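Here is how the chains run, residue by residue.
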Amino acid sequence: MIMKNILLIACIVFCGCATASANLCHEKEYWIEEINKTNSLERNKVKRCLDSDIESQRKTTLVITEVIKNGAAKLKTVSIDAAPTTDKDFNDFYINTILYAVGHNKTIENLTLFNAVADRAFKVAKVMLDNKTIKRLSLDKSDFTDQGALAIADALNVNKSLIWLSMEDSKFSMSSREAIRKAWSANKVEGREEKILF
């Protein structure tokens, strides 16, 4: 009987803590405070808040999106995982929502997107067209198709803020790499690195 009561108390305490932690991830003020510590939104911090049910994951995503889009925090760096969970539908919702917010933010200077799948190239190209403050973009280990890579090249023809681009270990063809290099070189931007990292 004593052991049963101890287990019951431990369960109540644990469940209460888990609920409190999940609810904290739904608070706008929490994300503003966390971002303002380092001026960054780190993928590991976000991922910890996505270890819950789908409703909680969506709430967390919408709160983070609001903070990013409205410039409520002093955000300079965003580092996100393109697939933070095993649920493909949620991952699509998450990355589309976050990238939309990044596109409308006016303070972000550095964007890192880990393990982006093929169709994400079009979303990233849209961010490159909409956002005027991102200077450094890392798309390493992307699984972009040649069509997606060409969308990136088209955005590079217009983008005036990027000075550094990394696409190391990406899987598109050499002809697409050449199109990206050509757009990078043709569109002169002050302070732009000579080479893209492939």
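Above this note sits the structure.
Cut-off values and rules
Residues numbered from 1 in each chain as written. Predicted model: local features only at pLDDT ≥ 70, side-chain atom pairs only at ≥ 80, totals over all residues. Heavy atoms only, no water. Buried < 20%, exposed > 50% of the residue type's maximum accessible area, 1.4 Å probe, protein only. Helix = DSSP H or I, 4+ residues; strand = E, 2+ residues; numbered from the N terminus. Right-handed = clockwise from strand over helix to strand, strands pointing away. Pairing = 2+ DSSP bridges. Salt bridge = Lys/Arg side-chain N within 4 Å of Asp/Glu carboxyl O. Disulfide = S-S within 2.5 Å.

1. Focus: the pairing of strand β3 (residues 110-114)
Right, on to step 1. Of the two faces of β3, only one is covered, namely that formed by Leu111 and Leu113; the face formed by Asn110, Thr112 and Phe114 stays uncovered.
Right, on to step 2. In terms of handedness, the path from strand β2 (residues 77-81) via helix α5 (residues 88-104) over to β3 forms a crossover that is right-handed.
Right, on to step 3. When β3 meets strand β4 (residues 136-138), the two strands line up parallel, connected through three bridges. The residue of β4 that forms the bridge with Leu111 is Leu137.
Right, on to step 4. Handedness of the β-α-β unit built from β3, helix α6 (residues 120-130) and β4 comes out right-handed.

2. Re the pattern of salt bridges
Right, on to step 1. Scanning the model with the defined rule gives twelve salt bridges in all.
Right, on to step 2. Notably, a salt bridge pairs Lys45 with Glu34, separated by 2.9 Å at the nearest N-O pair. Remark: Glu34 occurs in helix α2 (residues 28-38) and Lys45 occurs in helix α3 (residues 43-49); sequence separation between them is eleven residues.
Right, on to step 3. Judged by its relative accessible area of 12%, Glu34 is buried.
Right, on to step 4. Note that Asp130 and Lys126 form a salt bridge whose closest N and O atoms lie 2.9 Å from each other. Residue Asp130 and its partner Lys126 are located together in helix α6, separated by four residues, close to a single helical turn.
Right, on to step 5. A relative accessible area of 47% means that Lys126 is categorised as partly exposed.

3. Brief notes about the state of the cysteines
Right, on to step 1. Counted by the stated rule, this structure contains one disulfide.
Right, on to step 2. Here Cys25 pairs with Cys49 through a disulfide, and the sulfurs are 1.9 Å apart. Torsion about the S-S bond of the Cys25 and Cys49 cystine: about -60°, corresponding to left-handed handedness. With a gap of 24 residues between them, Cys25 in the loop between α1 (2-24) and α2 and Cys49 in helix α3 connect regions that are remote in the sequence. As far as the burial class goes, Cys25 and Cys49 line up, both buried.

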